[in-house]
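Here is how the chains run, residue by residue.
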Amino acid sequence: MRNGKRHDESPFFRAAGEDADLAGGSAASERLAVSIIEQAGEAIVVCDKRGRIIRASRLAHQLCGNNPLLKSFDAMWPLWMLEAGRLFSVAAPLRGESLESIEVEYRRDGEQAFHLLLNATPLRSSDGAIIGCVVTLADITGRKLAEQEREASLEFLRLVNGSASTRDLIRAAVDFFQRQSGCEAVGIRLREGDDYPYYEVRGFPREFVDADNSLCDRDGDGEIIRDAAGCPVIACMCGNVILGRFNPALPFFTAHGSFWTNSMTELMASTTEAERQTRMRNRCNGDGYESMALIPLLFGDERVGLLQLNDRRPGLFTPDAITLWQKFSGYLTMALAKFKADEALIRAHEELERRVRERTEDLAISLWELELEIAERQRTSEALREKERMLIQQSRLAAMGEMIGNIAHQWRQPLNVLGLTIQQLLLFYDDGQFSREFLAHGVDSSMKLIQHMSRTIDDFRDYFRPDKEKVEFRLGEAVSGALALMEGSLGHHRIATEVFSQCDPAVIGYRNEFAQVILNILSNAVDIFRERGIENPKVTITIGHEGERAVVAIADNAGGIPGEIMEKVFDPYFTTKSSQSGTGLGLFMSKSIIEKNMNGTLTVRNSGDGAEFKIEV
C-alpha cells in the first residue's frame, strides 16, 4: 500500500523501494509522466543499474503475462534481435549505448512469437553517471503478420498466373505450401474416378505414399466396396474431410470442414471413433506424424480433392495458420477449376476444328450448324470467364496492401508539424519566452495531431473492412471518403482534384466496395501521372444523374489510353506495369464490383486531355 492505495492500481507500476535517483520528482510530475507513458501505446520498462525492473507500464505487464517488477529484464524478456542474430541485453544501454528501432522477436511460454520494435536508452543522474535505463517495446506483430500474408498471397497469385497446366500448378503449389508452412511433408490429393489418390507429394516416404494412396475401402479381390446407394466407401480422416463429414463443435474441425491437430497421439488417446466419425487407419500417427492438417479443396458442391500437411514435430499449427491455408486452398481450387475449364475449352476447340474440317471436306455442313457450334464455343468461353471472375474476387484483399503508401503520405505532414512543435519548446525556453500557456498550447496541438493520425488508421481500417450487406449511401460521401484516404498520395505528387456535384444521389449497394472502385481508379491515375511526368496533373470528379441512373465520372489530364489497349484495360491480369508493381486485377475487380454486385456499368473513354472512367448505378 502507498498512501492508502495499492501500488498496482496505478496504470504505471513501480516497485517499492526503488533507487532514490530514479524515484525523484513531485506528485504532479509523476502523474504527468504516468499519463504520457500510458498514452504512448507501447510497453515501457525502467531498469535500475543492475538490470532489475523497477517500473513497468500496464502494457509491459500484459506483454510478459505476469508481474515483472524487481526481476531481471533479460530473464523476463529474452528478445532475439533479428538483424543482429543474437539476444538483446540491457547491459548495452547500461554501458551507455542507445538502440533505436530494433526489430526483435519475443516468445512467451512457447506461444506464438511477438514481433516488437525496441528502443533502449540509458538514464543518467545530474552528474552524468548511468543510474539505469529505459526500454520501450512497440507490438508490431499484427503488421508483420499482415505483411507476410500479403507477400504470400501475391506470391501464390503469381504462382497461379505463371502455371501453364494443372501439373505445373500442383507442383508449384506443393512447393509453396511446404515452404510457407515449414512442414516436412505435404501432399495434394485430386479426384480420379471414384478415388482420391495423391497427385503430388513432398517429404512423404515412398512406402507411406504407396500404402496410403487409395482412400477407397476394397474387398479381397481389390474391388471398391460400395454402400447401399452405390457410392464408394471412402475411409480414414481424409475421407471425412473430402466428403464433408465433420462436427464444427469439436476442436479438431473448423467451420470450413478442415481437420487439424498438433498431437495425433493425444487426439487418438482422448477421442472415440464416434467423435472422429470414421475408422482411422492411423498410418500418419504410425509413421510418427504429430502435427497434421487436412484441408478440403471444394468448388461449389464439387469435392475436388485435399491438401495434406504433416510434420513429426508437435505444436506446429495455430488457428490463424489453418485459416491462411484454407484461404490459399480456396485460391488453388479456383485455379484448378480454371485449368479444368481451359482444358475442356481446348478439347472442345480441337473437337470443333476436327468436325469443321470433316464437314468442310464433305461439303455437308449447313450454315445453322456452323452458327450452333460457334455459339457453343462462346458459351464455353463465357463459363471460363465466370470462373476467372470468382478467382479474382477471392484475391481482392491481396491488393489492399498497396494503400500502405497512402498512410505514409497521410502521416508525413502531421509528423513534420509535430517535430516543429517539439523543437519550438526548446527554442522558446532558450529565448526566455517559455510559459505555461505556451506549453499548454504545444501539448494541445501535439495531441490533436496524434489524434488525427490515429483517426487516419481507423479510416483506412473501416474502408477495407468487407461489407456484409447492402446499405443506402450517398455517392458524394463515398467519393469524399476515398479522396480523404488518397489525400496524402495526391498531395505528395502535387495532383490537383476538383469535384463537381450537380446533385448528391443516394444508392443501395456495398459502400466500401464502391469506395474501393474509386480508390482503384485514383491509384491508377497517380501511377500514370508519375510514369508520364505530367505537368500540373489534375483529376476532375463529376457527380450527378443521367436519366434514372446515378453517375460518377472520373477524368484526368494524363494524355489518355492508347487505342491498341483501350479494349484490354478491364481484362484480368492485363497491366502495363512491371510484375512487381501491378497484378492487372484492379480495374477487372472494379468492373466486377460495379456490374455484378451493384447492377451498374463501368466504362472508359478518352476525353479532352486524358481518360474518363464512368460509373453508372
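Computed from a predicted structure; not experimentally measured.

Draft legend 1. Fine view of the overall build of the protein. In terms of helices and strands, the protein carries 19 helices and 20 strands. By the burial criterion, 43% of the 617 residues in the protein qualify as buried. Here the analysis covers contacts within the protein between residues at least 6 apart in sequence; of these, 62% occur between residues at least 24 apart. Approximately 32,200 Å² of the protein is accessible, and the part contributed by carbon and sulfur atoms is 51%.

Draft legend 2. Up close: the environment of Asn161. Along the chain, the position of Asn161 falls in helix H6 (residues 141-162). The sequence separation of Asn161 and Ala335 amounts to 174 residues, and the corresponding C-alpha distance is 8.8 Å.

Draft legend 3. Quick peek at unusual backbone geometry. The phi torsion at Leu70 lies on the positive side, around 65°, for a residue other than glycine. With respect to the element layout, Leu70 can be found in the loop between helix H3 (58-64) and helix H4 (73-76). In this structure Leu70 comes out as partly exposed when scored by relative accessible area, which is 44%. Despite not being glycine, Arg494 shows a phi value in the positive range, around 55°. Position of Arg494 relative to the elements: it lies in the loop between helix H17 (475-492) and strand S15 (496-501).

Draft legend 4. Broad picture of the packing of helix H18 (residues 511-532) against helix H19 (residues 586-597). At their nearest, the axes of H18 and H19 sit 9 Å apart, and the two run at 150° to each other. Comparing the axis directions of H18 and H19 gives the class roughly antiparallel. Crossing geometry of H18 relative to H19 is assigned as left-handed. Contact residues: Glu513, Phe514, Gln516, Val517, Asn520, Ile521 and Asn524 in H18; Gly586, Leu587, Met589, Ser590, Ile593, Ile594 and Asn597 in H19.

Draft legend 5. Focus on the packing of H6 against helix H7 (residues 166-181). Where H6 meets H7, the axes come as close as 10 Å, and the angle between the chain directions of the two elements is 165°. Our classification of the angle between H6 and H7 gives roughly antiparallel. Crossing hand, H6 versus H7: right-handed. Where H6 approaches H7, its residues Ala152, Glu155, Phe156, Leu159 and Val160 are matched on the opposing element by Leu169, Ala172, Ala173, Phe176, Phe177, Arg179 and Gln180. Partitioning the contact of H6 with H7 into residue classes produces 9 nonpolar, 1 polar and 2 charged.

Draft legend 6. View of the sheet that holds strand S12 (residues 291-299). One open sheet accounts for 5 strands, arranged S10-S9-S13-S12-S11; its pairing is antiparallel. Pairing within the sheet leaves two strands with one partner each, and these edge strands are strand S10 (198-202) and strand S11 (259-261). Going from strand to strand, the sheet's axes swing by 15° on average, the running direction of each strand aside. Pairing analysis gives 3 bridges linking S11 to S12, with the strands arranged antiparallel. Among the inter-strand pairings, Thr261 is bridged to a residue of S12, identified as Met292. Along the sheet, H7 contacts strand S9 (185-190), S10 and strand S13 (302-311); its crossing angle with S10, the most-contacted strand, is approximately 35°. Against the sheet, helix H9 (residues 236-243) makes contact with S9, S11, S12 and S13, and its axis sits at roughly 140° relative to S13, the strand it touches most.

Draft legend 7. Focus on H18. With 22 residues, H18 should reach 32 Å at 1.5 Å per residue; the first-to-last C-alpha distance of 32 Å fits that figure. Most of H18 is tucked away: 16 of the 22 residues are buried. Positive phi shows up at Gly533, right after H18, with a value of about 60°.

Draft legend 8. Focus on the environment of Val569. Along the chain, the position of Val569 falls in the loop between strand S18 (549-556) and H19. According to the relative accessible area criterion, Val569 is buried, its value standing at 10%.

Draft legend 9. Expanded view of H7. With 16 residues, H7 should reach 22 Å at 1.5 Å per residue; the first-to-last C-alpha distance of 22 Å fits that figure. When H7 is considered as a whole, its buried residues turn out to be Thr166, Leu169, Ile170, Ala173, Val174, Phe176, Phe177 and Ser181. Looking straight down H7, one finds that the buried residues subtend no more than 165° of arc, so they occupy a single side. Looking at the residues trailing H7, positive phi occurs at Gly182, about 75°.

Cut-offs used in this document
Residues numbered from 1 in each chain as written. Predicted model: local features only at pLDDT ≥ 70, side-chain atom pairs only at ≥ 80, totals over all residues. Heavy atoms only, no water. Helix = DSSP H or I, 4+ residues; strand = E, 2+ residues; numbered from the N terminus. Buried < 20%, exposed > 50% of the residue type's maximum accessible area, 1.4 Å probe, protein only. Contact = heavy atoms within 4.5 Å. Areas by Shrake-Rupley, 256 points an atom, 1.4 Å probe, with all protein chains shown as cover. Axes fitted to C-alpha atoms, helices over the stretch in contact; angles between N-to-C directions. Parallel < 35°, antiparallel > 145°, perpendicular 65-115°, else oblique. Left-handed = near helix turned anticlockwise from the far one by under 90°. Nonpolar A, V, L, I, M, F, W, Y, C, P; charged D, E, K, R; others polar. Pairing = 2+ DSSP bridges. Expected span 1.5 Å × (residues − 1). Arc of directions from axis to C-beta.

Honestly, that's just the spatial picture; any functional story needs more than this.
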